[in-house]
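Architecture and fold: a report
Chain by chain, the residues run as shown.
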Amino acid sequence: MGKNQKKQLSNNCHGKNEPIQGDFHFTPAEIRKIAEISMLNLTESELEEIPDKLTTVVKYADVLYKIDVKDVKPTCHATSIENVTAEDIVEPSLTQEEALKNAKASKNGYFKIKRVM
Amino acid sequence: MKKYDLIVGLEIHFEPRTNSKMFCRCSADFWEKEPNTQTCPVCLGMPGALPVLNGKAVELAIKVGLALNCQIAEYTKFDRKHYFYPDLPKGYQISQYDKPICYDGHLVIGPKTFRIQRIHMEEDVAKMIHENDYSLIDFNKSGVPLFELVTYPEFRNGQDAYDFARRLRHIIREVGVSKADMEKGQMRCEPNISVQEHGRYGYKDGKIWPIGDYKLNPKVEVKNIASISFIKKAIEYEYSRQVDILKNGGKLIQETRSWNNEKGITEHQRAKESAEDYRYLPDPDIPPLRISRELVAKIRSTLPILSDQRKKFYVEECGVRESTANAILEDIKFAKQFLKITENLKASSVNIAANLALGTLKEYINENPNVKLDTTLLKSVFLALTDALNTEQINFNTAREILKATLKNPKTNFEQLIKTSTQTSNSSELENLINKVIAENPKPVADYKSGKTAAIGAIIGKIMQKTKGKANARLVQELIVKILES
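What you see is a predicted model; the values in this text were computed from it and never measured. (Residues numbered from 1 in each chain as written. Chains lettered and ligands numbered in written order. Predicted model: local features only at pLDDT ≥ 70, side-chain atom pairs only at ≥ 80, totals over all residues.)

1. A closer look at the overall build of chain B
- In terms of regular secondary structure, chain B is built from 15 helices and 19 strands.
- In terms of overall size, chain B is more extended than a compact globule, its C-alpha atoms giving a radius of gyration of 30 Å where 486 residues would be expected to give roughly 23 Å.
- Across its three principal axes, chain B shows a C-alpha extent of roughly 90 × 60 × 50 Å.
- With 486 residues in all, chain B has 38% of them scored as buried.
- Taking the contacts inside chain B whose residues are at least 6 apart along the sequence as the reference set, 70% of them involve residues at least 24 apart. (Helix = DSSP H or I, 4+ residues; strand = E, 2+ residues; numbered from the N terminus. Rg over C-alpha atoms; globule rule 2.2 N^0.38 Å. Buried ≥ 20, exposed ≤ 12 C-beta atoms within 10 Å, placed from the backbone. Contact = placed C-beta atoms within 7 Å.)

See below:
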């Protein structure tokens, strides 16, 4: 692969992801952090079993690293389409009624959900 | 005692002035609109909807990047940034991760240069209201174009961060990219603040790096800063808070805090995600952009001359006082009008025009904010007045009066007025008058002779009164001094 071509490719994509190490295992602290970011409240018993289960899942996905991609060019997009833009013109929106049609609950034109903060 | 350095990087968001949203054609003007009346399947995150990038937003991103001395990427793409929060119906925000449209910029403020790491394009999120046991969501703001500018963590005090944000706001308004009204949320400033032990860290690739076995303290991001003037306060508060915790043996955590301006403190909001937690991936819905150098050149040619360069011209080439130049350039609209009005003047006339404009014209605009100025007419008025002032045909007061009359009534024959207002520069005529005034006003004369030279002002005033403001003030002063000291 020529130097320029290499540069062009690295221009197009994210850095590589590393396969996880064989002795990898989620710690309860990591699970707690993931739970907080995901806004989940975990019980103590869940906190005990989830590290094992999630570790198995993540290790399973690691099978992808076994595929030989040496000759595959990296890409971010499946098509070679580029530069698709629209003109900056306002078009009609949905009505408030239409927008809220599928909402489980609404109030004064707002979507209403369980308090999140 | 350990000494701690303050380290601040800024993340500044601003909404570009487009008509429609970033990836759909709903109106981007969400301010004070009925909730959920400007949405569609795209910005509501409904399955199967296809977002299409707003071309105008791309042009504005390039424009602001050029104004901030950035490189413009030849290849740029969009990525999905995932997080769980109901202000984002898709479960991810379309943003740019590793290929931002603008990078490596800088802003010079006085003797200091502040480096800009990147500016990228993304979409704004929905507005939420939290009440009792529920939250309300309005998706009108969801999908509104948003730019995020990130600086290097190189600010060492709150004042510099404040100066940067202020100057940045001026530039993005000046180039017309955003109205940047912080109260309307069109511009948001989020400092990332950490404290590190003096001498135990360095910079590597623009990042803070520990030296030896030193462990870096985590950074805190502060949100909800509703006004530029709060930036300095929030940073200074965080510095003391973090240093206090460390000095008391406590541990800092990476978190997002919220500025509470009433109490003058920051409050914990949430643990901060790191980049890995966002699970960034290229957005398959939005094809990448290849930006031609022709387009960049075309956009560059539309950039106005920025106020920094204009100030240099006014002060250095035209002899305008710095404070006068600042006062003119601070108000973007007025600065534009002034530029138009003075475009035909020679450099030596611009100084006079600046004084005339800042006093009389600015005053008139302030009193009549909705009036539309006839800049073509004002161009001829300023040309005639500055010529007449340069040749001492009229004095400054007369020029102000003529300008006022023309502003009030555009049909005023200002050329005729200049002719009839010609000031008296006849020495013998003025000398007679001065002798008379001296005889009638013994007190200021005595004051002057006893060394209070400022008393001459009173004598000049009397002469002006008697000549109805038409005496050549410079000549009058010369003659008074000559008479009194002979």
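Now that the structure has been shown, the text picks up again.
2. Describing the overall build of chain A
- Along chain A, the regular secondary structure elements total four helices and three strands.
- In sequence order, the secondary structure elements of chain A are arranged as α-α-α-β-α-β-β.
- Here chain A holds 117 residues, and 7% of them are scored as buried.
- Partitioning the intrachain contacts of chain A with sequence separation of at least 6 by distance along the chain shows that 57% fall at a separation of at least 24.

3. Observations concerning the sheet that holds strand 2 (residues 106-107) of chain A
- Judged by pairing direction, the sheet is antiparallel, and its four strands sit side by side in the order 2(A)-3(A)-10(B)-9(B) without closing on themselves. Every other strand in the sheet has two partners, leaving strand 2 of chain A together with strand 9 (127-131) of chain B as the edge strands with one partner each.
- Two strands pair when backbone bridges link them, and strand 2 of chain A and strand 3 (residues 110-114) of chain A are joined in this way by two bridges, in the antiparallel orientation. Paired with A:Lys107 across the strands is A:Tyr110, a residue of strand 3 of chain A. (Pairing = 2+ DSSP bridges.)

4. Considerations on the interface of chain B and chain A
- In this complex, chain B contributes 41 residues to the contact, which on the side of chain A involves 37 residues.
- Contributions of two or more residues to the side of chain B that touches chain A are made by strand 2 (53-54), helix 1 (55-67), strand 10 (134-138) and strand 19 (289-290) of chain B.
- No other element matches strand 10 of chain B, which puts five residues into the side of chain B that touches chain A.

5. A word on helix 13 (residues 442-449) of chain B
All names here are of chain B.
- Listed as buried for helix 13 are Pro-444, Val-445 and Tyr-448. Here the buried residues of helix 13 occupy an arc of 100 degrees about the axis, which is enough to place them on one side. Exposed and facing more than 90 degrees away from the buried side of helix 13 are Pro-442, Lys-443, Ala-446 and Lys-449.
- Close packing links the buried residues of helix 13 with helix 12 (427-440), helix 14 (456-466) and helix 15 (473-484). (Arc of directions from axis to C-beta.)

6. Comments concerning the pairing of strand 14 (residues 207-210) of chain B
- Relative to strand 14 of chain B, strand 13 (residues 201-204) of chain B runs antiparallel, the two sharing four bridges. Along strand 14 of chain B, the bridge assignment pairs B:Gly202 with B:Trp209.

7. As for the domain arrangement of chain B
- Under the domain assignment used here, chain B contains domain 1 (4-294), domain 2 (307-420) and domain 3 (427-484).
- The distance between the C-alpha centroids of domain 1 of chain B and domain 3 of chain B comes to 64 Å. (Domains from an automatic or database assignment.)

8. What about the environment of B:Thr256?
- Mapped onto the elements of the fold, B:Thr256 is located in strand 16 (residues 255-260).
- The spatial distance from the C-alpha of B:Thr256 to the C-alpha of B:Asn192 is 9.1 Å, given a sequence separation of 64 residues.

9. A look at unusual backbone geometry
- One non-glycine residue, A:Asn83, lies in the positive phi region at around 50 degrees.
- Inspection of the secondary structure assignment puts A:Asn83 in the loop between helix 3 (44-61) and strand 1 (85-86).
- A positive phi angle, close to 45 degrees, is found at B:Arg279, a residue other than glycine.
- Tracing the backbone shows B:Arg279 in the loop between strand 17 (265-271) and strand 18 (281-282).

10. Describing the pairing of strand 12 (residues 187-197) of chain B
All names here are of chain B.
- By the criterion of burial, strand 12 is predominantly enclosed, with nine of the eleven residues buried.
- Note: strand 1 (residues 4-14) against strand 12, eleven bridges, orientation antiparallel. Within strand 12, the position partnered with Ile-12 by the bridge is Cys-189.
- Two elements, strand 12 and strand 15 (residues 220-223), share two bridges in a ladder whose sense is antiparallel. Within the sheet, the bridge partner assigned to Asn-192 lies in strand 15 and is Glu-221.

11. Description of the nonpolar core
Residue and element names in this part refer to chain B.
- Ranked by size, the top nonpolar core spans 75 residues in total, and within it Ala-61, Ile-119, Ala-161 and Ala-165 carry the most contacts.
- Looking at this core, the element that brings in the most residues is helix 1, giving eight residues.
- The residues contacting Ile-119, other than those within four sequence positions of it, are Ala-61, Val-64, Gly-65, Cys-70, Pro-100, Ile-101, Cys-102, Phe-147, Glu-148 and Leu-149.
- With 27 residues, the next largest nonpolar core counts Ala-399, Ile-402, Leu-403 and Leu-407 among its residues. (Core = buried A, V, L, I, M, F, W, Y, C linked by C-beta atoms within 7 Å.)

12. Here we look at the sheet that holds strand 17 of chain B
Residues and elements named next belong to chain B.
- Here nine strands make up an open sheet; going across it, the order is 3-7-8-11-1-12-15-16-17 and the pairing mixed. Both edges of this open sheet fall to strand 3 (71-72) and strand 17, since each of them pairs with a single strand only.
- Both strand 1 and strand 11 (residues 145-151) contribute to a ladder of four bridges, which runs antiparallel. In the strand pairing of strand 11, Phe-14 is matched with Phe-147.
- Along the sheet, helix 2 (residues 158-174) contacts strand 1, strand 7 (102-109), strand 8 (112-123) and strand 12; its crossing angle with strand 1, the most-contacted strand, is approximately 20 degrees. (Axes fitted to C-alpha atoms, helices over the stretch in contact; angles between N-to-C directions.)

13. Section: the environment of B:Ala126
- Following the sequence through the fold, B:Ala126 ends up in the loop between strand 8 and strand 9.
- Apart from residues lying up to four places away in sequence, B:Ala126 is in contact with B:Asp87, B:Ile137, B:Asp138, B:Phe139, B:Lys141 and B:Ser142.

14. Looking at the packing of helix 9 (residues 375-390) of chain B against helix 10 (residues 396-408) of chain B
Residue and element names in this part refer to chain B.
- Direction vectors running N to C along helix 9 and helix 10 enclose 165 degrees, while the axes themselves pass 10 Å from each other. The angle between helix 9 and helix 10 places the two elements in the roughly antiparallel class. Two packed elements cross with a definite hand, and for helix 9 against helix 10 that hand is right-handed. Contact residues: helix 9 offers Val-381, Leu-385, Ala-388 and Leu-389, while helix 10 offers Phe-396, Ala-399, Ile-402, Leu-403 and Thr-406. (Parallel < 35°, antiparallel > 145°, perpendicular 65-115°, else oblique. Left-handed = near helix turned anticlockwise from the far one by under 90°.)

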